Number of protein chains: 2
Amino acid sequence: MSSSQKQPASLKSVAKMAGVSIATVSRVLNGDPVVKPETKLAVEKAIKTAGYHPNRVAQRLRSSYKSGRLIGLVIPDIRNPYYIDVIRGIEESAYTNGSAVLIGNFSQDPDKEKMYINILKSESVDGFIIAPHHGHDKYVEDLIEQHHAVVCIDRGLANCSTDIVKSDNERGAFNAVEHLIKLGHKRIAHISGNLSIPTTHERIAGYVAALRKYNLPVDDTLIRGRASDFQSGIDLTAELLDLPEPPEAIFTANNLLTLGSLEKIHERGVKIPDEIAIVGFDDMYWAASLNPALTAVRQHGFEIGKRAIELLYQRIEDPARPAANVIINTELMVRRSCGFKPGTL
Amino acid sequence: MSSSQKQPASLKSVAKMAGVSIATVSRVLNGDPVVKPETKLAVEKAIKTAGYHPNRVAQRLRSSYKSGRLIGLVIPDIRNPYYIDVIRGIEESAYTNGSAVLIGNFSQDPDKEKMYINILKSESVDGFIIAPHHGHDKYVEDLIEQHHAVVCIDRGLANCSTDIVKSDNERGAFNAVEHLIKLGHKRIAHISGNLSIPTTHERIAGYVAALRKYNLPVDDTLIRGRASDFQSGIDLTAELLDLPEPPEAIFTANNLLTLGSLEKIHERGVKIPDEIAIVGFDDMYWAASLNPALTAVRQHGFEIGKRAIELLYQRIEDPARPAANVIINTELMVRRSCGFKPGTL
DNA sequence: TAGGGTCCTGAAAACGTTTACACTAAAAAC
DNA sequence: GTTTTTAGTGTAAACGTTTTCAGGACCCTA
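Please read these numbers as outputs of a predicted model, since none were measured by experiment. For every chain, the first residue of the written sequence is number 1, and numbering continues from 1 along that sequence. The naming scheme follows written order: chains are lettered A onward, ligands numbered 1 onward. Since the coordinates come from a predicted model, pLDDT governs what is reported: local features require at least 70, and pairs of side-chain atoms require 80 or more to be given and counted, while whole-chain, interface and lining totals use all residues. Hydrogen atoms and water are omitted, and side-chain values are computed over all heavy atoms in the structure.

Draft legend 1. Summary view of the domain arrangement of chain A. Split into domains, chain A comes out as domain 1 (11–54), domain 2 (70–167 + 301–329) and domain 3 (169–299). These domain limits were set by an automatic method or by a database of domain assignments. Of note, the centres of domain 1 of chain A and domain 2 of chain A, computed from C-alpha atoms alone, are 37 Å apart.

Draft legend 2. Summary view of the pairing of strand 5 (residues 163–167) of chain A. Residues and elements named next belong to chain A. Only protein chains enter the accessibility calculation, which uses a 1.4 Å probe; a residue whose area is less than 20% of its type maximum is buried, one above 50% is exposed, and one in between is partly exposed. By the criteria applied, helices consist of DSSP H or I runs no shorter than four residues and strands consist of E runs no shorter than two, each listed in order from the N terminus. Of all five residues that make up strand 5, five are buried, and the element is covered over most of its length. Taking every second residue as pointing to the same face, both faces of strand 5 are buried, with D163, V165 and S167 on one and I164 and K166 on the other. Of the pairings in the sheet, the one linking strand 4 (residues 150–153) to strand 5 comprises three bridges and is parallel in character. Within the sheet, the bridge partner assigned to V151 lies in strand 5 and is D163. Each pair of strands is called paired provided DSSP finds at least two bridges between the two strands.

Draft legend 3. Summary view of the sheet that holds strand 9 (residues 277–281) of chain A. All names here are of chain A. The six strands are arranged 7-6-8-9-10-12 in an open sheet whose pairing can be described as mixed. Looking at the sheet topology across the chains shown, the edges are occupied by strand 7 (223–225) and strand 12 (331–333). Adjacent strand axes in the sheet meet at a mean angle of 15° when their direction is disregarded. Across three bridges, the pairing between strand 9 and strand 10 (residues 295–298) is parallel. Opposite G280, over in strand 10, you have A296 as the bridge partner. Residue contacts are defined here by distance: any two heavy atoms, one from each residue, within 4.5 Å place the two residues in contact. For helices, the axis comes from a line fit to the C-alpha atoms of the stretch in contact; other axes are also lines fit to C-alpha atoms, and the angle between any two N-to-C directions lies between 0 and 180 degrees. Across the sheet, helix 9 (residues 198–213) is in contact with strand 6 (188–192), strand 7, strand 8 (249–252) and strand 9; its angle to strand 6 comes to roughly 175°. The strands touched by helix 10 (residues 230–241) within the sheet are strand 6, strand 7 and strand 8, with strand 6 carrying the most contacts at an inclination of about 155°.

Draft legend 4. Structural context of unusual backbone geometry. A cis amide bond links I272(A) to the next residue, P273(A), at an omega of 0°. Mapped onto the secondary structure, P273(A) falls in the loop between helix 11 (255–268) and strand 9. Positioned with a positive phi, H147(B) is a non-glycine residue whose angle comes to about 65°. By the element assignment, H147(B) lies in the loop between helix 7 (138–145) and strand 4 (150–153). On the accessibility criterion, H147(B) (60% relative accessible area) is exposed. In this structure, D154(B) takes a positive phi of about 75° despite not being glycine. Note that D154(B) resides in the loop between strand 4 and strand 5 (163–167). On the accessibility criterion, D154(B) (9% relative accessible area) is buried.

Draft legend 5. Seen up close, the interface of chain A and chain B. The interface is formed by 45 residues belonging to chain A together with 45 residues belonging to chain B. Interface area, chain A with chain B, both sides summed: about 4800 Å², of which 59% is carbon and sulfur. Salt bridges, as used here, are contacts in which a Lys or Arg side-chain nitrogen is within 4 Å of a carboxyl oxygen on Asp or Glu. Counting across the interface, chain A meets chain B through six salt bridges. Whenever a nitrogen or oxygen atom comes within 3.5 Å of another N or O atom, the pair is scored as a polar contact, on the condition that within protein one atom can donate a hydrogen and the other can accept it, and that pairs from neighbouring residues in sequence are kept only if both atoms are in side chains. There are 16 residue pairs in polar contact (both at pLDDT 80 or more) connecting chain A and chain B. Top element by residues in the side of chain A that touches chain B is helix 6 (residues 110–122) of chain A. It accounts for seven residues. By buried area we mean the combined loss of accessible area, with a 1.4 Å probe, across both parts when two parts are placed together.

Draft legend 6. The arrangement of the protein's contact with DNA strand D in detail. In the neighbourhood of DNA strand D, 26 residues make up the surrounding shell, with L11(A), Y52(A), R62(A), T24(B) and R27(B) lying closest. Distances are taken per atom, and a residue is near a molecule or strand as soon as one of its heavy atoms is within 4 Å of it. For DNA strand D, the fraction of atoms within 4 Å of the protein that belong to sugar or phosphate moieties is 58%. A distance of 2.8 Å is found between a phosphate oxygen of DNA strand D and a side-chain nitrogen or oxygen belonging to Y52(A). Secondary-structure elements contributing two or more residues to the surface near DNA strand D are helix 2 (22–29) and helix 4 (56–62) of chain A together with helix 2 (22–29) and helix 4 (56–62) of chain B. Ranked by the residues each element gives to the surface near DNA strand D, the list is headed by helix 2 of chain A, at four residues.

Listed below in structure tokens is the structure:
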């Protein structure tokens, strides 16, 4: 019926239509109880017939605003399905709050990270959710120093106290390796990730702890780490398979490494799980479709995203609140890629 | 050294520091050649020492601005890896242009789609990239009628002429089915998607065209479509396998259907490709890691995203430009899931 | 009738930009 | 030596909000 106005309605046009001042319209919009019921009705009618929607840009310029916030999200790799879950968790909550999410994917590139942080700052986002590049991420530290609301995911910052939401990496790794051990594997390798991020070390620690607990030797030649990408998975798996005494099982530190490792294992025609077992950190929704279905450590990305944005809202409300550190448990998704030991399952 | 200013620098503070008016500072920032070289230098120095970054909110309020745009992206399902590629294509170009991307994932929910479109409108985005919910998407049509810059991906709108960037669905489907036929398969089923979107029909058309070309019968009991989700893939595959005369090959219409289909095929213990061949629309970066590696129709999502944002920039520059319709070819990624015919490959 | 509430509303400043316009001083033209 | 041009700069309005402040109308009390 309506829907063909040239200019979008503004406070001014609504005010004129209702025969009141813009202040009154604003008050109605914000539910100020002071306005007289009659005028309120008149204004509401004008708002409806004008098809008015507040201009969030003007609102944000005037003052960072209560409802309908703008959230900045900065992540290192949108191709990682884990981060997709995180995004969905954030988005679900953002949706119910009428918030919008500005997304920056920096692809492990610090310059890109810096630029996105600057853009988001200059867009006056109400708060940031960031997976810092590493533990000494200067850009994120600056952000916090400048009193922006920031929640970190995956890892914290060495020099700052911030809200953090992350998985229990050590325990997750421990569970995975313990699972292998309980199935009878003894010679277990670990393909590790980028050594500059704390996550990597936590996962190594879990691996080592499991071996220790069961009195298995920790063999340095079986721990190999380079980068966290597909190619490293391929190369490091080749190295392991070429060992005079190759491992019986591999624990990979993230999904891309897992994929690379599988690629090489298939290429060599090595049978999973009969000739080699594999368990990966990071579950993917299609992990069950791999053949054999992949046993994996599931990070609850959706949950992590959800908690992160909750914390962020609280941080925006109360900047002085002490920092919270939320650790989300992982879950071992047992499938077929590690084999069976008689008596288990 | 610097980095501890309470308030971010504004035109005003820079102007005061440089001893000029804010207009002059603005002119320097926008490269107006009218300013005297000396003052220009002084202002630039002040800008640097103040660590000034323009406030994009104020810029956008004042007038939609030339560099550093804000792009609204509305997609139906962020879990679909195809859209991740699209996002990356958009993002790459946005990054080099200093643009930011506001993302709305509506999860096939029209209400959510509507809300995100409203939010983006009210954030005064410079333009929209949208995968419409279906061919008669009223919200998107309204947007275009209101003279917003809009580029559609995946499908157009029946009642509007817009810029569209999409894959050649019919040809992609044709190639996939032709591949099966050339490998000697005759009884080929098609698991189709949501029948309310044009894409689905284009893919069916390609399937039918291939059968026709090779004088194979088109058997309605072998074409089954319900929704475009995982569960449909499972259920429809079960139906097909339960047929008195089950198909020798299946062509699935998207990645979720493929995954569901694989799930059921594995569950039944049917061997791929010996007992059944499968080719899917939508390639995924991990499709080669499936066992056997999946033969799939690859949509160039990255390319689609890139072309979409290019068109969008051009549309913003010139709202009157006639609408363009860009069709991107697909690519058949031949792997192992369709088997080999003696003499091929 | 004067004084003081209470109730409701409007005027105006502010947020940080861009930009049309006005203005000054010096240079050029006559 | 006056007038006109030109170069360079500043003033102020505008974008659409929120919010403080002031003030008008009304009612109550003395």
